[in-house]
Amino acid sequence: MTTPHDADQHPGTPVVHLTRRAALQAEREAAAAPVTPQEPRTTPAPAKAPRAAVPAKAPKAAKAARPAKAPRAPKAPKTPKTPTGPKAISPANPAARTSAPATRTQRTSRLTVVSAIAAVVLFASSAMPAHASANTSMATSTIAPTVRTQDYAVTQAVASASTSRDGFTVNEAKQVVVAAPKGTGALTAGAVNSGAEVTIGGEVRSPFPGPVRMSSGFGWRSAPCGACSSLHQGLDFNPGMGAPIGAVAAGTVRVSGTYFSYGQTVIVDHVVDGRKVSTLYGHMIPGSSPLRVGDKVDAGQFLGSVGSSGVSTGAHLHLEVLMDGTLPIDPRAWIESHTGRAL
């Protein structure tokens, strides 16, 4: 069913079909009907209304003339003040008038200086301790008040006690006496000359003429200092500071001088039983050895004096026996086996 067109209905309003069949029939008829082009509608533009004439401006009324100002009455001359101070300005003294600005500048500078001084004093009083701003007597009494029960002042100097000294000076060394075999006499460090024989015996000897205390043997030990070795490769003798040291056997000097941690050292190369053997003498007093590299020495000849140079905890002789010049062995066992007696 199709609703009929109403004459008052707008042509652009769609037609409503109540059934599907009526809608299909209307679509077929619309497709079969020829299409007539519609002429575009032209809406005439409304005519613009003519502008109204602008009325001419009325001429401004002439400004009323301002009334003339009445002349001001002349000011009465000021009566000059009578000066009273010593710096009074008089009409007859023009120089005083020119000094007035300078006086103001001086006052300003004085105020600035006074303010600066006051600031410095305030800072100093707050920064310094209480006893520093007082005089010397007050500071002394604040730090160390005097005791009424004593008869002397606290500031009195205490006399230093005199020190008793022995008969030796810095340039003198106490002589060290080394025990010697019976009938040979005693030897001292000051009595030994270069090339002198300090020990007696055979081809192999002890470095000292008599029994000497030994502190550290060959082998493992508890290190006596932080830089000391735990594996002790020699034998330590303690005859005392400055005791003369004799060569263990005849030979040739290989080293004479500072030698690593041994300090002042002498190394002598020997030939014993057809085999090369070297002996090392360490920690001697610097400059005590008269030997040089290449010198020939005899058994028992003076090599130097017992000292504590290098890495050492006290005066002693560090003696090493090196087989083939490099391999360390027990010095005590080697010397006793060649001398036939105990050290």
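Model, not experiment: these values are computed from the prediction.

Chemist: Break down a nonpolar patch on the surface for me, citing the residues and quoting the values.
Modeler: A cluster of nonpolar side chains, namely Val113, Ile117 and Val121, defines an oily patch on the protein surface of about 270 Å² accessible area. Note on placement: Val121 falls in helix H2 (residues 94–127).

Chemist: Mind laying out the packing of aromatic side chains, listing which residues take part and the relevant values?
Modeler: What the rule picks out here adds up to three aromatic pairs. Taken together, a centroid distance of 5.6 Å and an interplanar angle of 55 degrees make the contact between Phe208 and Phe237 tilted. A residue pair is termed long-range when its members are at least 10 positions apart, and Phe208 in the loop between strand S2 (187–188) and strand S3 (219–220) and Phe237 in strand S5 (residues 235–237) qualify at 29 residues. A single burial state applies to Phe208 and to Phe237, both of which are buried. For the ring pair Tyr259 and Tyr262, a centre distance of 6.0 Å and an interplane angle of 25 degrees mean the geometry is stacked. For Tyr259, a relative accessible area of 25% translates into the label partly exposed. Of the residues examined, Tyr262 reaches a relative accessible area of 19% and is grouped as buried.

Chemist: Pulling in residues and values, what's your account of the environment of Ser337?
Modeler: Counting through the fold element by element, Ser337 comes out in helix H4 (residues 331–339). Measuring from C-alpha to C-alpha, the distance between Ser337 and Val204 comes to 9.7 Å, with 133 residues separating the pair along the chain.

Chemist: Now, about the pattern of salt bridges: what can you tell me, with residues and values included?
Modeler: In total, this model carries five salt bridges according to the counting rule given. Residue Arg221 pairs with Asp236 through a salt bridge whose shortest N-O separation is 4.0 Å. Taken together, the positions of Arg221 in the loop between S3 and strand S4 (231–232) and Asp236 in strand S5 put the pair 15 residues apart, joining distant regions of the chain. Under the relative-accessibility criterion, Asp236 is labelled buried at 6%. Arg275 is the salt-bridge partner of Asp324, the closest N and O atoms lying 3.2 Å from each other. Pair noted here: Asp324 is in the loop between strand S12 (317–323) and strand S13 (327–329) and Arg275 is in strand S9 (residues 275–284), with a separation of 49 residues, a long-range link. Since its relative accessible area comes to 42%, Asp324 is described here as partly exposed. The exposure class of Arg275 is partly exposed, given its relative accessible area of 40%.

Chemist: Before we move on, can you summarise the pairing of strand S8 (residues 264–272) with the specific residues and values?
Modeler: Along S8, eight of the nine residues are buried, which leaves the element largely enclosed by surrounding structure. Both strand S7 (residues 251–258) and S8 contribute to a ladder of six bridges, which runs antiparallel. Within the sheet, the bridge partner assigned to Thr258 lies in S8 and is Gln264. Between the end of S7 and the start of S8, which pair antiparallel, lie five residues, with Phe260 showing a positive phi angle near 50 degrees. With eight bridges joining them, S8 and S9 adopt antiparallel strand pairing. Counted as the bridge partner of Val271 is Lys276 from S9. Hairpin connection between S8 and S9: a loop of two residues separates the two successive antiparallel strands, and Asp273 in this loop has a positive phi of roughly 55 degrees.

Conventions adopted
- Residues numbered from 1 in each chain as written.
- Predicted model: local features only at pLDDT ≥ 70, side-chain atom pairs only at ≥ 80, totals over all residues.
- Heavy atoms only, no water.
- Patch = residues over 30% accessible without salt bridge, like charges linked within 9 Å, V, L, I, M, F, W, Y side chains within 5 Å.
- Areas by Shrake-Rupley, 256 points an atom, 1.4 Å probe, with all protein chains shown as cover.
- Salt bridge = Lys/Arg side-chain N within 4 Å of Asp/Glu carboxyl O.
- Helix = DSSP H or I, 4+ residues; strand = E, 2+ residues; numbered from the N terminus.
- Phe/Tyr/Trp six-rings, centres within 6.5 Å; stacked < 30°, edge-to-face > 60°.
- Buried < 20%, exposed > 50% of the residue type's maximum accessible area, 1.4 Å probe, protein only.
- Pairing = 2+ DSSP bridges.

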